[in-house]
Amino acid sequence: MKEAIQQSPGGSGAPLKLYLHPLSSYCWKTLLAFYENGTPFEPLIVDLGNADERAALAKLWPFAKFPVLRDEARDRTIPESSIIIEYLAQHYPGAAPLLPANAEQARETRLRDRFYDLHVHQHMQKIVGDRLRPAGQHDPLGVEQARAQLRIAYGMIERDMASRSWAMGESFSMADCAAAPALYYANRAQPFGETHPHTAAYLDRLMQRPSFARVLREAQPYFAMFPQ
Ligand SMILES: N[C@@H](CCC(=O)N[C@@H](CS)C(=O)NCC(=O)O)C(=O)O
């Protein structure tokens, strides 16, 4: 596994190791949380096409999906992007709380995080993933169903973002960490720039945010690998 992402301050030797790939949308979501708070960590790039690296990741999380966080100081392995963000908020809090202390607002933030993962991100992955399937094994019905679900989600986001800067209002939160990669790649899979101006403006704000601009900059050398 390589370390090709610029180290966060104090990164090398930091107790937190993040297994990731710089092109992976769910990894972007957790990178945003690290960068928002300047939390030191060691990025470990996993090439899933390499059997040894895949096996090493599967030892930590048998599904061999990233991101996976390893906290050496606490001897804990944490999979799942939302749970990693919650873990950081709990054990390594920074200046930018990504989950509100207020229980009602925290639940609402989790709902929006789920919304972006399940109703945008997942459908985007279905469309993009279908391009990687071997000839003769595509799933046009599944892709059309994913597109229909995305259209519903875009309509809901458009209504919400007409009156707010970020997913939860005026504070950047875990829900925005979920929204940024989901909308970035969804806009490539099923563009919304012409039809959903508030959603497009929200994506622009996300892309201008220093944490996400950094994620995109670091992914740049890998973009040629993205299936068109
Ligand atoms: N629910 C998981 C999803 C993780 C996920 O799907 N990761 C993708 C990359 S964006 C992955 O590892 N794909 C590799 C594979 O499925 O083989 C999370 O939130 O972390």
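Rules used throughout
Residues numbered from 1 in each chain as written. Predicted model: local features only at pLDDT ≥ 70, side-chain atom pairs only at ≥ 80, totals over all residues. Heavy atoms only, no water. Near = heavy atom within 4 Å. Polar contact = N/O pair within 3.5 Å; in protein donor to acceptor, adjacent residues only side chain to side chain. Areas by Shrake-Rupley, 256 points an atom, 1.4 Å probe, with all protein chains shown as cover. Pairing = 2+ DSSP bridges. Helix = DSSP H or I, 4+ residues; strand = E, 2+ residues; numbered from the N terminus. Axes fitted to C-alpha atoms, helices over the stretch in contact; angles between N-to-C directions. Contact = heavy atoms within 4.5 Å. Buried < 20%, exposed > 50% of the residue type's maximum accessible area, 1.4 Å probe, protein only. Domains from an automatic or database assignment. Buried area = accessible area lost by both parts, 1.4 Å probe. Salt bridge = Lys/Arg side-chain N within 4 Å of Asp/Glu carboxyl O.

Quick notes on the site of the ligand
Okay, step 1: The immediate surroundings of the ligand are formed by Ser24, Ser25, Tyr26, Leu48, Arg54, Lys65, Phe66, Pro67, Glu80, Ser81 and Gln125.
Okay, step 2: Between a nitrogen atom of the ligand and a main-chain N or O atom of Phe66, the distance comes to 2.8 Å.
Okay, step 3: Within the contact set of the ligand, a nitrogen atom lies 2.7 Å away from a side-chain nitrogen or oxygen of Glu80.
Okay, step 4: Considering the ligand on its own, with 510 Å² of exposed area, one finds that the protein chains cover 75% of that surface.

Quick notes on the sheet that holds strand E3 (residues 68-71)
Okay, step 1: Reading across the sheet, the 4 strands line up as E2-E1-E3-E4 and stay open at both edges, with mixed pairing between neighbours. Each having just a single partner strand, strand E2 (42-45) and strand E4 (76-79) make up the two edges of the open sheet. Strand-to-strand twist in this sheet, taken as the mean axis angle between neighbours without regard to direction, amounts to 20°.
Okay, step 2: In this fold helix H2 (residues 51-60) packs onto strand E1 (16-20), E2, E3 and E4, with an angle of close to 65° to the strand it touches most, E3.
Okay, step 3: Along the sheet, helix H3 (residues 81-91) makes contact with E1, E3 and E4, crossing E4 at roughly 135°.

Some words on the pairing of E1
Okay, step 1: Burial analysis of E1 places 5 of its 5 residues in the buried class, the great majority of the element.
Okay, step 2: Alternating positions in E1 separate into two faces, Leu16, Leu18 and Leu20 on one and Lys17 and Tyr19 on the other, with burial throughout.
Okay, step 3: Bridge count between E1 and E3: 4 bridges; the pairing is antiparallel. Counterpart to Leu18 in the pairing with E3 is Leu69.

Some details on the domain arrangement of the protein chain
Okay, step 1: For the protein chain, the assigned domains read domain 1 (2-91) and domain 2 (103-210).
Okay, step 2: Once you take the C-alpha centre of each, domain 1 and domain 2 turn out to be 23 Å apart.
Okay, step 3: Summed over both sides, the interface between domain 1 and domain 2 buries roughly 1200 Å², with carbon and sulfur atoms accounting for 59% of that surface.
Okay, step 4: Our enumeration of links across domain 1 and domain 2 arrives at 4 salt bridges.
Okay, step 5: The salt bridge partner of Lys29 is Asp117, with a shortest N-O separation of 2.9 Å.

A look at the pairing of E3
Okay, step 1: Side chains of E3 alternate between two faces, with Val68 and Arg70 and Leu69 and Asp71 buried alike.
Okay, step 2: Of the strand pairs in this sheet, E3 and E4 are connected by 4 bridges, and their pairing is antiparallel. Note that in E4 the partner of Asp71 across the bridge is Arg76.
Okay, step 3: Linking two consecutive strands that pair antiparallel, namely E3 and E4, is a turn of 4 residues; a positive phi of about 55° is found at Asp75 within it.

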